[in-house]
Amino acid sequence: MDLLTQCSVNYQTLLNCEYRFTLGRKGKLIELILRFSESDFHHLAGLHKLKDLHIARANRSTVFRQILCGKITYQTISKSQFFPEIQDRINTLPHLATLLDSDHLIFRYHRNAFPHSSIESEFLLKMGDGTTLDITFLFLDRSKQDVYFCRSFFPMGKTDYSKGQMRYTLLNKEKHHLIPATASSSTTNSTNPI
């Protein structure tokens, strides 16, 4: 399967999931609910960086569906002169669910620690062990509905964005399946502690 298509197929499985993180720090608890949308895929894959291609400015949900059905492929995006900037993201993105299901560290993210970065985010997940899974950053921000979404995603390069950030203790993590995977499944939501 085309690598970009594989990214979209794997990401599509997350559209029916939410993660609930219970975090603790200095006796205070925070609950984060993370959900996924078609339009978030565009930025996670770095497609906004391909400024010489129409897909950088096109409707994000439409681009996602065109990738799913094979109208936009890895070959399509590799023609961009900016493709080397996102190649590592594309190689890592198929593993996003695996990274989320594995152990990771959670930090409150303060952009002022990295003035060269334009990432606006409230929380940072540092995922992967550096051996079987590359160390990867997932930046989370809050929507108007107080649910978190994925703001940005990329493997760690020279900059460790967790340095100088306030770390939380992950007390509990659950993965909820919001919609049955098949028509024959029950209509109730299922919860899996991870």
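Before reading on, note that the structure itself is shown above.
All values derive from a computational prediction rather than experimental measurement. (Residues numbered from 1 in each chain as written. Predicted model: local features only at pLDDT ≥ 70, side-chain atom pairs only at ≥ 80, totals over all residues. Heavy atoms only, no water.)

K.L.:
How do you make sense of the packing of aromatic side chains when you look at a structure like this?
P.N.:
The description of two aromatic rings rests on the distance between their centres and on the angle between their planes. Inspection of every chain in the model, using the stated rule, returns 17 aromatic pairs. Residues Y11 and F36 carry aromatic rings whose centres are separated by 6.1 Å and whose planes lie at 85 degrees to one another, so their mutual orientation is edge-to-face. Remark: F36 occurs in the loop between β2 (28-35) and α2 (38-44) and Y11 occurs in helix α1 (residues 3-14); sequence separation between them is 25 residues. With a relative accessible area of 2%, Y11 lands in the buried category. The class for F36 is buried, based on a relative accessible area of 8%. A centroid spacing of 5.1 Å and a plane angle of 80 degrees characterise the contact between Y109 and F139, whose relative ring orientation is edge-to-face. (Phe/Tyr/Trp six-rings, centres within 6.5 Å; stacked < 30°, edge-to-face > 60°. Helix = DSSP H or I, 4+ residues; strand = E, 2+ residues; numbered from the N terminus. Buried < 20%, exposed > 50% of the residue type's maximum accessible area, 1.4 Å probe, protein only.)

K.L.:
Help me understand the packing of α1 against helix α3 (residues 60-68) in this model?
P.N.:
When two helices pack together, their arrangement is given by the angle between the helix axes and by the axis-to-axis distance. Where α1 meets α3, the closest approach of the two axes is 8 Å, and the angle between their N-to-C directions is 110 degrees. It follows that α1 is roughly perpendicular to α3 by the angle criterion. Remark: the crossing between α1 and α3 carries left-handed chirality. Residues L4, T5, S8, V9, Y11 and Q12 of α1 lie in contact with α3, whose contacting residues are F64, I67 and L68. Its residues assigned to classes, the contact of α1 with α3 comprises 6 nonpolar, 3 polar and no charged. (Axes fitted to C-alpha atoms, helices over the stretch in contact; angles between N-to-C directions. Parallel < 35°, antiparallel > 145°, perpendicular 65-115°, else oblique. Left-handed = near helix turned anticlockwise from the far one by under 90°. Contact = heavy atoms within 4.5 Å. Nonpolar A, V, L, I, M, F, W, Y, C, P; charged D, E, K, R; others polar.)

K.L.:
Whenever I open this one, the nonpolar core confuses me. Can you help?
P.N.:
Nonpolar side chains tend toward joint burial in soluble globular proteins. Core analysis: the biggest nonpolar cluster contains 41 residues, and I77, L96, L100 and L138 have the highest contact counts within it. Ranked by the residues each element gives to this core, the list is headed by α1, at 4 residues. With 9 residues, the next largest nonpolar core counts L124, F139, F154 and Y161 among its residues. (Core = buried A, V, L, I, M, F, W, Y, C linked by side-chain atoms within 4.5 Å.)

K.L.:
Just checking my understanding: could you explain α3 for this structure?
P.N.:
One full turn of an α-helix is made of 3.6 residues, so residues set three or four places apart face in the same direction. Turning to α3, its buried residues number three or more, namely V63, F64 and I67. The buried side chains of α3 occupy one side of the element, clustering within an arc of 100 degrees when seen end-on. At its buried positions, α3 is contacted by α1 and α2. The N-cap residue of α3 is N59: its side-chain oxygen and the backbone nitrogen of S61 are 3.1 Å apart. (Arc of directions from axis to C-beta. Polar contact = N/O pair within 3.5 Å; in protein donor to acceptor, adjacent residues only side chain to side chain.)

Everything listed here is a matter of geometry and, on its own, says nothing about what the molecule does.
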